[in-house]
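For reference, the chains in residue letters:
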Amino acid sequence: MNIKVFKKLIKEAVAEAVREELAEILSQKPQLNESKTVTFTSANIAGGGNIREQLHSQMGAMFGYQQSQRNDLKIIDAVDPSTGDKVNPYLAFINDAANNMTAHDRSGLRQLD
């Protein structure tokens with residue numbers, strides 16, 4: 001497909017979607033919150049830990065955004081019993097990709113900057 005034709009189709013589709021949704025977007029009443037004064041000092045930060053994360057959570061709480069806490073992320077510390085070295089959890093995927101790569105795939109990777 002010609003790239004110019006493809007771009008034109010995308011532009012037309014986006015313009016049509018905007019026209020369809022614009023009336024609804026404009027009819028929605030914006031929810032204005034009262035203005036708040038926000039000040040942070042070193043007293044807002046508990047000792048140790050990630051300062052940026054603490055400020056992020058405090059600001060989020062002030063503006064009504066509560067970030068969900070994820071405790072399901074775990075560090076993979078698999079160790080190879082024969083060598084005692086840590087095992088790369090992505091090594092099997094990397095080897096599989098390398099073994100199933102075509103000449104065309106390899107040439108494409110060489111052209112990446």
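Owing to the predicted nature of the structure, the values given are computational and were not obtained by experimental measurement.

**Considerations on the overall build of the protein chain**
Thought 1: If you tally the helices and strands in the protein chain, you get four helices and zero strands.
Thought 2: When the helices and strands of the protein chain are read in sequence order from the N terminus, they spell out α-α-α-α.
Thought 3: Taking all 113 residues of the protein chain together, 2% fall into the buried category.
Thought 4: Total accessible area on the protein chain stands at roughly 11,000 Å², and carbon and sulfur atoms take up 56% of it.

**Description of helix H1 (residues 3-27)**
Thought 1: With 25 residues, H1 should cover 36 Å at 1.5 Å per step; its first-to-last C-alpha distance of 36 Å lies within 8% of that length.
Thought 2: Two or three places before Lys4, at the start of H1, stands the capping residue Asn2, its side-chain oxygen 3.1 Å from that residue's backbone nitrogen.

**Some remarks on the environment of Asp85**
Thought 1: Structurally, the position occupied by Asp85 is in the loop between helix H2 (51-62) and helix H3 (91-99).
Thought 2: Those residues within four positions of Asp85 in sequence are excluded, and the remaining contacts are Ala78, Val79 and Asp80.

**Describing a negative patch on the surface**
Thought 1: A cluster of acidic residues, Glu12, Glu16, Glu20, Glu21 and Glu24, forms a negative patch on the protein surface.
Thought 2: As for its placement among the helices and strands, Glu24 is situated in helix H1.
Thought 3: Its relative accessible area of 47% is what places Glu24 among the partly exposed residues.

Cut-offs used in this document
Residues numbered from 1 in each chain as written. Predicted model: local features only at pLDDT ≥ 70, side-chain atom pairs only at ≥ 80, totals over all residues. Heavy atoms only, no water. Helix = DSSP H or I, 4+ residues; strand = E, 2+ residues; numbered from the N terminus. Buried < 20%, exposed > 50% of the residue type's maximum accessible area, 1.4 Å probe, protein only. Areas by Shrake-Rupley, 256 points an atom, 1.4 Å probe, with all protein chains shown as cover. Expected span 1.5 Å × (residues − 1). Polar contact = N/O pair within 3.5 Å; in protein donor to acceptor, adjacent residues only side chain to side chain. Contact = heavy atoms within 4.5 Å. Patch = residues over 30% accessible without salt bridge, like charges linked within 9 Å, V, L, I, M, F, W, Y side chains within 5 Å. Salt bridge = Lys/Arg side-chain N within 4 Å of Asp/Glu carboxyl O. Lys, Arg positive; Asp, Glu negative; His and termini not counted. Charge placed at Lys NZ, Arg CZ, Asp CG, Glu CD.

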